[in-house]
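Now for the letters of each chain:
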Amino acid sequence: MTSTAIHTLIPSPIAARSQGACSERPILKERGQREVFCGLTGIIWLHRKIQDAFFLVVGSRTCAHLIQSAAGVMIFAEPRFATAIIDERDLAGLADANEELDRVVARLLERRPDIKMLFLVGSCPSEVIKLDLSRAAQRLSSAHAGKVRILNYSGSGIETTFTQGEDACLASLVPELPLSAKTDAPALLVVGALADVVEDQFARLFTELGIDNVHFLPPRSSRHLPPAGPNTKFLLAQPFLTDTARALEQRGATHLPAMFPLGVEGTTAWLKAAAAAWNIDADKFNATVAPGQRRARTALEPHRFRLSGKRVFFFPDSQLEIPLARFLYSELSADLIEAGTPYLHKGHVGADLDALPATTLISEGQDVDKQLDRCRAAKPDLVICGLGLANPLEAEGFTTKWSIELLFSPVQGFDQAGDLAELFSRPLVRRARLEV
Amino acid sequence: MQLTLWTYEGPPHIGAMRIATAMDGLHYVLHAPQGDTYADLLFTMIERRDKRPPVTYTTFQARDLGSDTAELFKTTALDAYERFKPEAMIVGASCTAELIQDDPGGLAKALALPIPVIPLELPAYQKKENWGAAETFYQIVRALAGAHAPAPGFKRTARLDGASPTCNILGATALGFRHRDDVQEISKLLTSMGITVNVVAPYGCRPSDIARLGEADFNVVLYPEIAGQAAQWLKRTFDQPFTKVIPIGVGATRDFIAEVAGITGVDPAPVFAQPDARSPWYTRSVDSTYLTGKRVFIFGDASHAIAAARVASKELGFTVVGLGTYSREFARDVREAAKLYGIEALITDDYLDVEQAVQALNPELVLGTQMERHIAKRLGVPCAVISAPVHVQDFPARYSPQMGFEGANVLFDTWVHPLMMGLEEHLLAMFRNDFEFHDAAAPSHLGKSAAPAKPPAHQAPPDAQPVFADTPQAGASITPVEADASGPVIWLAEAEKELGKIPFFVRGKARRNTERYAADLKLKSISIETLYDAKAHFSR
């Protein structure tokens, strides 16, 4: 029996939908107070992921205070992030600020010889005073050549929202990646920070599928930068990587559009996009993913009972909102009132967006007070929102889930589907238990 | 440019937020970029406030910089007024908005709102959180109480005979270290002296209450870092004396009572004898002798650090080996205090300097902020928190003041509990080398369940070594415990390695569940598949 390549056997949901309903769907675009973090916050998980990198924010006391507050607890004696706090003397003249930065970097590298990659991270104040961190990175790279690679990106709030900081960071890494040639063996690059355990699960699945040349960006160490070039096909593991995807495409790499790997359907579609690109036999694909799918369905079952028909409202936070809403709706039968997202990149979240019902309001950007009015009027059963809103909404009688946990927890892949569902059902279970 | 890993204080506009959030009926319009709203979570998460801070942010973006950020500020201020209808408004800029020089004060004035609008100038590149709180409180007091100021040179006349003296209690804010309970304790103390509390500010008051500050006979300044400047101005303007003693500890509380008696002429004798002041007896009871001469390192804001040193030295019999503060504005006071203990004060806001000092001084107890708690934890030194910066743990559900006689009781408990009791210490020294009692031995009452982990069938790499609370790997060879005889399930190396990736605090449970699952299915070995099959199986 001749086996058929998967993409001819099963119509790809992406191909069928990419130009579909999503482009016509009305989107509420709002402008006003945004209750979200700036891009500097990405340092919290990026420094855990790239284990020999240091993140130096060039900013104000506010930046230092933000990162410290977002990190929640000071677990690390000397964390691999810090702030070079600009003071009034630096504001007097820019030449001085550059010299000061050189001095701070020299002191830092002296203290931390284990650091192999240093990111100079721009902030609102450094952008406004036009401190040129890309030139500073070049200058410092040659000054510390051979010891440490120095890159820069901006995590400023005037340019980036929360997870866009990771996008800016990874985009700054792309020019550093070894360039592979068109003639090199086809390679798969998975882009976006994932928990190590999830990364390892995906790596095993790709191996079982017969895709061997698989790399991950960001890498766990700056010494193992993955190659990228015309032979590279990449899957986005996170929905907020607009600039990184563009930079990879400029290198000749090809994006494999897919749903994001959340839940059974998301993970299957995501893996299938790679399988299709590698012409993997459909039977083999199905056999490979079947055990994971079966486990995920088992794990999801008790949560569907708890979440089915529950009316859910998403405040914008990480750009994961559309894929998460898709998971809640199509895999747990939740009812979606509003899915708010800071930015809507239809090219990347199109497949997830198309799966959402027409009755769900999709909003982009934020005017928090108006959105709170809508939320109160809709009386949802579950509100997904940031830490600044959660307790006040709980005090008003709403059940909430803090969205940051959806980003910080390992939630992708078959074996995390149950964990992801549990993050949503736990607040409901808790409220049902309490009698105070 | 200063290299900063962790900071003791936020920027000055956070101080302004602490004032605004402490009050009702006041709204803060802050010219700030996206991201500065992080500050809301300090109040909603750390302090567990049930309302959002009364702050509206303009949230300007890069594209606004080329157009009109000033217009954005005006629209935002107007919308905030319409929505929240506050009694008064404060307006200002965060660090980035300061650079674009839009003059929020002038812009807000141009709106001609029918309420007092108080402009704040908080230089973000020079000053810090406590300074910002003090300046904000001062500006609010000056604007709102100042509207009722008497003619210059006014002298307060003696009150009519029989009328009880009145005071304001100043300085308590949102996100303050035990401010909620200190206000309650000191209010109770003052009431028991026959003194009426006119206004507590800013904690829990309204702009209309600030306007009444001048009606009191004197001011009680609980936190000079925040209320000092306002109290000085009230003294000049309304001829209101203010208290200088911080009533932390029994001795200082008595001094405070004497000070208040001196100002008001009330008889302090009835409140001196406090049956609830248990700490003086506790510290004299014999078991406390083990506290004698314990070496203590103290760091915090100036007021709390100075007060803690006095309590540690005079009321617990400790030896103060280090004293310092991050409040540079109060460095002189701390240096003076340090001389009392024959030491040099540590004045720094670099927490690495503090860590170095703690390491060098080798104290037996650290009294500090959350930063020192982490330093102490790393160095294995007991620690109690005495000052901001705060953490969610510093907002206990129970009543837990630092000030007054009950505060002294709280200090006794919280500083002594991290230490090992004298008798316990004695017994430990006696049995230190006992075969069942050495550091590595499993607790005897846990019996067989505390058996050491069975060695994995295949040697896992060192980073995958299981670390469970329930199976200490202690060199428990001394206590003979047999391996389980009922046919062990073998962990394959890869599965063992995978298990190592699971967070340590749930790893023990994951291992047990997987083994139970494998046993139920009569499996001989556990693969990665088994691990995740079990995970799915138990997920409900």
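Residues numbered from 1 in each chain as written. Chains lettered and ligands numbered in written order. Predicted model: local features only at pLDDT ≥ 70, side-chain atom pairs only at ≥ 80, totals over all residues. Heavy atoms only, no water.

## Things to note about the interface of chain A and chain B
Moving on, step 1. Contact with chain A, which involves 81 residues of that partner, is made by 67 residues of chain B.
Moving on, step 2. The interface formed by chain A and chain B contains ten salt bridges.
Moving on, step 3. With a closest N to O distance of 2.9 Å, A:D369 and B:R52 form a salt bridge.
Moving on, step 4. Counting across the chain A and chain B interface gives 32 residue pairs in polar contact (both at pLDDT 80 or more). (Contact = heavy atoms within 4.5 Å. Salt bridge = Lys/Arg side-chain N within 4 Å of Asp/Glu carboxyl O. Polar contact = N/O pair within 3.5 Å; in protein donor to acceptor, adjacent residues only side chain to side chain.)

## A short note on the packing of helix α1 (residues 12-22) of chain B against helix α7 (residues 129-144) of chain B
Residue and element names in this part refer to chain B.
Moving on, step 1. Close contact between α1 and α7 brings their axes to 6 Å; oriented N to C, the two are set at 50 degrees. On the basis of their axis angle, the class for α1 and α7 is oblique. In terms of crossing hand, the pair formed by α1 and α7 is right-handed. Between α1 and α7, the contacting residues are P12, I14, G15, A16, R18 and I19 on the first element and E129, N130, W131, G132, A133, T136, F137 and I140 on the second. (Axes fitted to C-alpha atoms, helices over the stretch in contact; angles between N-to-C directions. Helix = DSSP H or I, 4+ residues; strand = E, 2+ residues; numbered from the N terminus. Parallel < 35°, antiparallel > 145°, perpendicular 65-115°, else oblique. Left-handed = near helix turned anticlockwise from the far one by under 90°.)

## Looking at the domain arrangement of chain A
All names here are of chain A.
Moving on, step 1. When its domains are assigned, chain A resolves into domain 1 (6-36 + 291-435), domain 2 (39-160) and domain 3 (187-286).
Moving on, step 2. A C-alpha centroid distance of 23 Å is found between domain 1 and domain 3.
Moving on, step 3. In this assembly, domain 1 packs against domain 3 so that about 2,900 Å² is buried in total across both faces, 67% of it on carbon and sulfur atoms.
Moving on, step 4. Along the contact surface separating domain 1 from domain 3 lie one salt bridge.
Moving on, step 5. Among the ionic pairs, E265 bridges to R326, the shortest N-O distance being 3.6 Å.
Moving on, step 6. The interface formed by domain 1 and domain 3 holds nine residue pairs in polar contact (both at pLDDT 80 or more) in total.
Moving on, step 7. Of all elements in the fold, only α1 (6-9), α2 (13-17), α13 (282-307), α14 (321-332), α15 (346-354) and α19 (417-433) reach the threshold of two or more residues within the side of domain 1 that touches domain 3.
Moving on, step 8. Among the elements that make up the side of domain 1 that touches domain 3, the one with the highest residue count is α14 (six residues). (Domains from an automatic or database assignment. Buried area = accessible area lost by both parts, 1.4 Å probe.)

## Focus on the pattern of salt bridges
Moving on, step 1. Overall, the coordinates contain 53 salt bridges over all chains when judged by the stated rule.
Moving on, step 2. As a salt-bridge pair, A:R220 and A:E199 come within 3.2 Å of each other at their nearest N and O atoms. With A:R220 in the loop between β7 (214-217) and β8 (232-236) and A:E199 in helix α10 (residues 196-209), this residue pair connects regions lying 21 residues apart in the sequence.
Moving on, step 3. Owing to a relative accessible area of 6%, A:E199 belongs among the buried residues under this scheme.
Moving on, step 4. In this structure, B:D349 engages B:R328 in a salt bridge whose closest nitrogen and oxygen atoms are separated by 3.7 Å. Taken as a pair, B:D349 in the loop between β11 (346-347) and α16 (351-361) and B:R328 in the loop between β10 (319-325) and α15 (331-340) lie far apart in primary sequence, 21 residues in all.
Moving on, step 5. Judged by its relative accessible area of 13%, B:D349 falls in the buried class.
Moving on, step 6. For B:R328, a relative accessible area of 46% gives the class partly exposed.
Moving on, step 7. The structure contains a network of salt bridges with shared partners spanning A:K49, A:D196, A:E199, A:D200, A:R204, A:R220, B:E498 and B:K501. (Buried < 20%, exposed > 50% of the residue type's maximum accessible area, 1.4 Å probe, protein only.)

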